[in-house]
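Each chain, letter by letter, is given below.
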Amino acid sequence: MSTNLRVAFIGAGNMAEAMVSGIVQTGMLEPHQITVTNKSNEDRLLELHNLYGVQGIRRDKVQLSSYDFIFLAMKPKDAEASLRSIKDEINKDQVVMSVLAGISTDFMQEHLNEGQQVVRVMPNTSSMLRESATALAPGEQVTMKNIKLAKSLLACIGEVYLIEEDQMDLFTGIAGSGPAYFYYLMEHIEKTAFDHGMDVSQAREIGAQTILGAAKMIIEREETPAELRHNVTSPNGTTAAGLEALADNGGGEAIKAAIEGAMNRSKEISEELQRTPVAY
Ligand SMILES: NC(=O)C1=CN([C@@H]2O[C@H](COP(=O)(O)OP(=O)(O)OC[C@H]3O[C@@H](n4cnc5c(N)ncnc54)[C@H](OP(=O)(O)O)[C@@H]3O)[C@@H](O)[C@H]2O)C=CC1
Ligand SMILES: O=C(O)[C@@H]1CCC=N1
């Protein structure tokens, strides 16, 4: 689907790039329909222009009134200043979409004009390859038409899940931060393989194919993860020994702690921004 929407990103970092890359690959928007802006790093804007063909303009030089969707993609600590700066440049037909961890739709609405349409989004960096697991929680003022448009825009970067906003911190712990847990797992696979004499690049390929295969089995087969695990595990075999070592070393608890750590940090960011608006 190709549309005449115009989209601006305020913030031109890792997350903005991953989303731009995914969107441009689908052809839903032509690069000239997308503008990326940042505070000061003009080299970065040029880099994104050269890579994806999008317009790169410093925030203080861009006129926001002509964009349908405005993505906030700066760090949470910069959100309030940015919301204040866009408040009177935009009108109620435009939709502000935040990808920021811990920034609620209430917080956005509080710092924008009454009735402004806002949506809270949590993508992940796999957007780069159109494999994000992205959550979307619309604010109360967003029209059905814009929710549909937002969903189809986000579908460019992967799977989209419409969730209640009170699940957003948990979603962030699972999927927003989630890729990092798997990269961490891979780092340890590589290190272990290297310690036992395997070439790191070969270990990387083998480890990644193993994760990819397991993920596809979970998605495409009917069995639960527990059943799939059971099917790998021969009595008194190698997997049983591996899983026992994993449990003995707190594997399950570590995964739970990682998700809850990220989830709690997302809640904490919200609380800190409510208390002390400009610093966390
Ligand atoms: N990285 C990830 O995996 C994910 C990140 N997120 C969220 O995305 C957001 C951005 O993260 P990430 O891309 O990693 O961060 P980066 O540090 O890579 O990028 C931040 C960007 O924001 C810009 N910026 C800061 N203040 C302003 C401002 N007032 N006006 C315009 N631009 C501004 C910076 O510009 P300059 O360099 O010129 O200062 C920079 O381009 C965070 O809030 C994070 O919670 C969400 C999901 C996943
Ligand atoms: O680490 C962070 O705060 C951001 C939000 C989710 C992923 N990265």
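Residues numbered from 1 in each chain as written. Chains lettered and ligands numbered in written order. Predicted model: local features only at pLDDT ≥ 70, side-chain atom pairs only at ≥ 80, totals over all residues. Heavy atoms only, no water.

Each domain of the protein chain was delimited in the assignment, giving domain 1 (7-164) and domain 2 (178-267). Each of domain 1 and domain 2 has a C-alpha centre, and the two are 33 Å apart. (Domains from an automatic or database assignment.)

In this section: helix α6 (residues 168-176). For α6, the full list of buried residues reads Met168, Asp169, Phe171, Thr172, Gly173 and Ala175. Looking at the buried residues of α6, the elements they touch are β6 (117-122), β7 (132-138), β8 (158-162), α7 (178-195) and α11 (251-275). (Buried < 20%, exposed > 50% of the residue type's maximum accessible area, 1.4 Å probe, protein only. Helix = DSSP H or I, 4+ residues; strand = E, 2+ residues; numbered from the N terminus. Contact = heavy atoms within 4.5 Å.)

Bringing the packing of helix α1 (residues 14-26) against helix α2 (residues 42-52) into the picture now. Across the interface, α1 lies against α2 with an axial gap of 11 Å and an inter-helix angle of 20°. Taken together, the axis directions place α1 and α2 in an arrangement best described as roughly parallel. The crossing of α1 and α2 is right-handed. Here Asn14, Glu17, Val20, Ser21 and Val24 of α1 come into contact with α2, specifically with Arg44, Leu48, Leu51 and Tyr52. In terms of residue class, the contact of α1 with α2 is made up of five nonpolar, two polar and two charged. (Axes fitted to C-alpha atoms, helices over the stretch in contact; angles between N-to-C directions. Parallel < 35°, antiparallel > 145°, perpendicular 65-115°, else oblique. Left-handed = near helix turned anticlockwise from the far one by under 90°. Nonpolar A, V, L, I, M, F, W, Y, C, P; charged D, E, K, R; others polar.)

Listed under "domain: Pyrroline-5-carboxylate reductase catalytic N-terminal" (unreviewed entry) in the UniProt record, and renumbered for this structure, are residues 6-102. Taken end to end, residues 6-102 comprises 34% helix and 19% strand; its first and last C-alpha atoms sit 26 Å apart. (UniProt positions renumbered as here; feature names shortened; annotations may be inferred.)

Our focus in this paragraph is the site of ligand 2. Around ligand 2, the structure places Ala101, Gly176 and Ser177. For ligand 2, whose free accessible area comes to 240 Å², the fraction covered by protein is 44%. The cavity that encloses ligand 2 is the second largest pocket. (Near = heavy atom within 4 Å. Areas by Shrake-Rupley, 256 points an atom, 1.4 Å probe, with all protein chains shown as cover. 1 Å grid on protein atoms, 1.4 Å probe; cavity = no way out; pocket = protein on both sides within 12 Å on 5 of 7 lines; lining within 4 Å. Sits in = over half its atoms within 2 Å of the grid points.)

Right, let's get into the packing of aromatic side chains. A full pass over the atoms with the stated rule returns two aromatic pairs. Considering the side-chain rings of Phe9 and Phe71, the 4.8 Å spacing of their centres and the 10° angle between planes classify their relative orientation as stacked. Taken together, the residues span a long stretch of sequence, with Phe9 in strand β1 (residues 7-10) and Phe71 in strand β4 (residues 69-72) at a distance of 62 residues. Across the pair, Phe71 and Phe9 agree in class, each one buried. Ring geometry for Tyr161 versus Phe171: centroids 6.3 Å apart, planes at 50°, classification tilted. (Phe/Tyr/Trp six-rings, centres within 6.5 Å; stacked < 30°, edge-to-face > 60°.)

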